[in-house]
Amino acid sequence: MPAVGIVIGDGNREYPGKLTLYVTMTCIVAAMGGLIFGYDIGISGGVTTMESFQKEFFPSVYEKQKNDHESNKYCKFDSIPLTLFTSSLYLAALCSCVVASYVTRAFGRKLSMLLGGVLFCAGALLNGFATAVWMLIVGRLLLGFGIGFTNQSVPLYLSEMAPYKYRGALNIGFQLSITIGILVASVLNFFFSKIPGGWGWRLSLGGAVVPALIITVGSLILPDTPNSMIERGRFKQAETKLRKIRGVDNVEDEMDDLIAASEASKLVEHPWRNLLQRKYRPHLTMAILIPSFQQLTGINVIMFYAPVLFQTIGFGNDAALMSAVVTGLVNVGATVVSIYGVDKWGRRFLFLEGGLQMLISQVAVAAAIGAKFGVDGNPGVLPKWYAIVVVLLICIYVAAFAWSWGPLGWLVPSEIFPLEIRSAAQSVTVSMNMIFTFIIAQVFLMMLCHMKFGLFIFFAFFVAVMSVFIYVFLPETRGVPIEEMNQVWRSHWYWSRFVDGDENGRVEMGKVH
Ligand code: BGC
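Being a predicted model, the structure only gives us computed values, none of them experimental. (Residues numbered from 1 in each chain as written. Predicted model: local features only at pLDDT ≥ 70, side-chain atom pairs only at ≥ 80, totals over all residues. Heavy atoms only, no water.)

### Structural notes on the site of the ligand
Then, in step 1: The local shell around the ligand holds 14 residues, among which Q175, Q294, Q295, N300 and W410 are the closest.
Then, in step 2: Here an oxygen atom of the ligand sits 2.7 Å away from a polar atom, N or O, in the side chain of Q175.
Then, in step 3: A distance of 2.5 Å separates an oxygen atom of the ligand from a polar side-chain atom of N300.
Then, in step 4: Considered on its own, the ligand offers 310 Å² of accessible surface; in the complex 100% of this is hidden by protein.
Then, in step 5: Elements that contribute at least two residues to the shell around the ligand include exactly α2 (33-48), α8 (167-192), α15 (281-296), α16 (299-312) and α20 (405-416).
Then, in step 6: No other element matches the three residues that α8 contributes to the shell around the ligand. (Near = heavy atom within 4 Å. Polar contact = N/O pair within 3.5 Å; in protein donor to acceptor, adjacent residues only side chain to side chain. Areas by Shrake-Rupley, 256 points an atom, 1.4 Å probe, with all protein chains shown as cover. Helix = DSSP H or I, 4+ residues; strand = E, 2+ residues; numbered from the N terminus.)

### Quick notes on the packing of helix α1 (residues 21-31) against helix α7 (residues 133-161)
To describe two helices that pack against each other, one gives the angle between their axes and the distance between the axes.
Then, in step 1: Two elements in contact, α1 and α7, have axes whose closest approach is 10 Å; the angle formed by their N-to-C orientations is 170°. Relative to α7, α1 is oriented roughly antiparallel. Mapping the contact onto sequence places V23, T26, C27, A30 and A31 in α1 and V154, Y157, L158 and M161 in α7. (Axes fitted to C-alpha atoms, helices over the stretch in contact; angles between N-to-C directions. Parallel < 35°, antiparallel > 145°, perpendicular 65-115°, else oblique. Contact = heavy atoms within 4.5 Å.)

### Quick notes on the packing of aromatic side chains
Then, in step 1: Enumeration over the complete set of coordinates arrives at 27 aromatic pairs.
Then, in step 2: Note on F53 and F57: the rings are 5.3 Å apart at their centroids and 50° apart in plane angle, and the pair reads as tilted. One end of the pair is F53 and the other is F57, both in helix α3 (residues 51-57) and four residues apart, which spans about a single turn. Of the two residues, F53 and F57, neither departs from the other in class, the shared state being buried.
Then, in step 3: Joined through ring pairs, the aromatic side chains of F293, F351, W405, F469, F473, W489, W493, Y494, W495 and F498 make up one cluster.
Then, in step 4: Above the ring of F190, the side-chain terminus of K194 is found at 4.4 Å from the ring centroid.
Then, in step 5: When the ring centre of Y22 is taken as origin, the NZ or CZ atom of K244, which lies over that ring, is 4.3 Å away. (Phe/Tyr/Trp six-rings, centres within 6.5 Å; stacked < 30°, edge-to-face > 60°. Buried < 20%, exposed > 50% of the residue type's maximum accessible area, 1.4 Å probe, protein only. Lys NZ or Arg CZ within 6 Å of the ring centre and 35° of its normal.)

### Re the nonpolar core
Then, in step 1: Grouped together as the largest cluster of nonpolar side chains are 134 residues, with contacts concentrated most on F53, W405 and M434.
Then, in step 2: Among all residues touching W405, those that are not within four sequence positions of it are I290, F293, Q294, T297, F351, M358, M466 and I470.
Then, in step 3: In this structure, L242, V251, M255 and L258 belong to the second largest nonpolar core, which totals eight residues. (Core = buried A, V, L, I, M, F, W, Y, C linked by side-chain atoms within 4.5 Å.)

### A word on the environment of S323
Then, in step 1: Mapped onto the secondary structure, S323 falls in helix α17 (residues 317-345).
Then, in step 2: Looking at S323, the relative accessible area reads 7%, which means it is buried.
Then, in step 3: Each C-alpha atom, one on S323 and one on A306, is 7.9 Å from the other, the two residues being 17 residues apart in sequence.

Dropping the structure here:
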């Protein structure tokens, strides 16, 4: 029987500390780093369906869609250049998070956030003023570089700053701002697409400078995390900061552990190669699988292509964009539920409940689409109630994702890595997330064309697999101080064989091979 939950041994510590206003404000500002990511996710799908945008940059796509009277609705929007526009950003993000991992380790989390904000700002301006395809592409690459930096640093920053009892809630601020970014972007697309003259897409794309400026300025005023100061040898400064953050004077225990973690970390010359050591097997496994699974839930099919999908099931242009706004609202609301519950109910409960709910709703969507569209993709006239049922099912699915895999896909990796591999492992997480986001963005429309309603079963299958994986292999991490996390692996039925520790259950900090 797999060990469920955690048993903390003697090494368990209770660090004193309150949820101070200072730490709350700091985390809110840092979490805004998620806005740029969300804004982009929400904006690109809508922009690529704007006719004026297609005419200007992808005339062949525009012509094809106008003249395409094919009755097979499954294949209507299958176009490689357009999907490349959306997905190219994720390749850039993938490359930059490797560089970001060095910057984050050597110069602190703040500098990574700052670089992310500046790069994203430059990309947004280039896109907003684009007059040629190359400007669009270079702009997207800059946006991607920016996202690589912020997604690398923000989750780590939040997990290090937060008092461990509130770490889940504060960290999910990142996901909350992703969802707010997505929502704001879909509302803006709705209005900008109506601007006479068809130049509204410039506002949509250029509007990304606003969230970019927020995180750029934010990163300048944010303090560095004590963990990161210690990592760079600034002990006194770190101690003063820790007192201020925690709102108490006796921070010695926590300081001791942070310093021990940092010493272990200094012995590691090659954090990347280090990751391959046997004792980091559980961390590496999670760094790879959690973000990949997060994308294999199929969420970005909805996030990128909701307007397209809703048009396919018979909504007009406006109704399709409006329904995307509705799913966006559900996404934000359910993330708030997660903030409320993550440190109370734990990560495992949310993962498992969310998984079950996604599985059921995906099978229901597949059945609903299969029933009307069949295999030839020709549904005839679709009644209104039908479209409403599909939107409802999709909302149930989005809610499940938004309180489980959405936030936890970023939270859990950021809290389980020991300091010595934290930056490197986080960049594995970001890379895997970006690779799978790229693949799904790129092949979804093609898959829809070939797999038809079976596509939803395909994702449902992965949801089943990942839920079993969580049940068997992921220990509960709620309420465990971040530098004490090794406990959790040591007491796990499977992972305990990989990690070492002394007889008290404390990690052998100095022992690095
Ligand atoms: C994921 C994104 C997704 C978003 C939806 C994030 O956690 O990484 O890929 O689009 O959630 O809210």
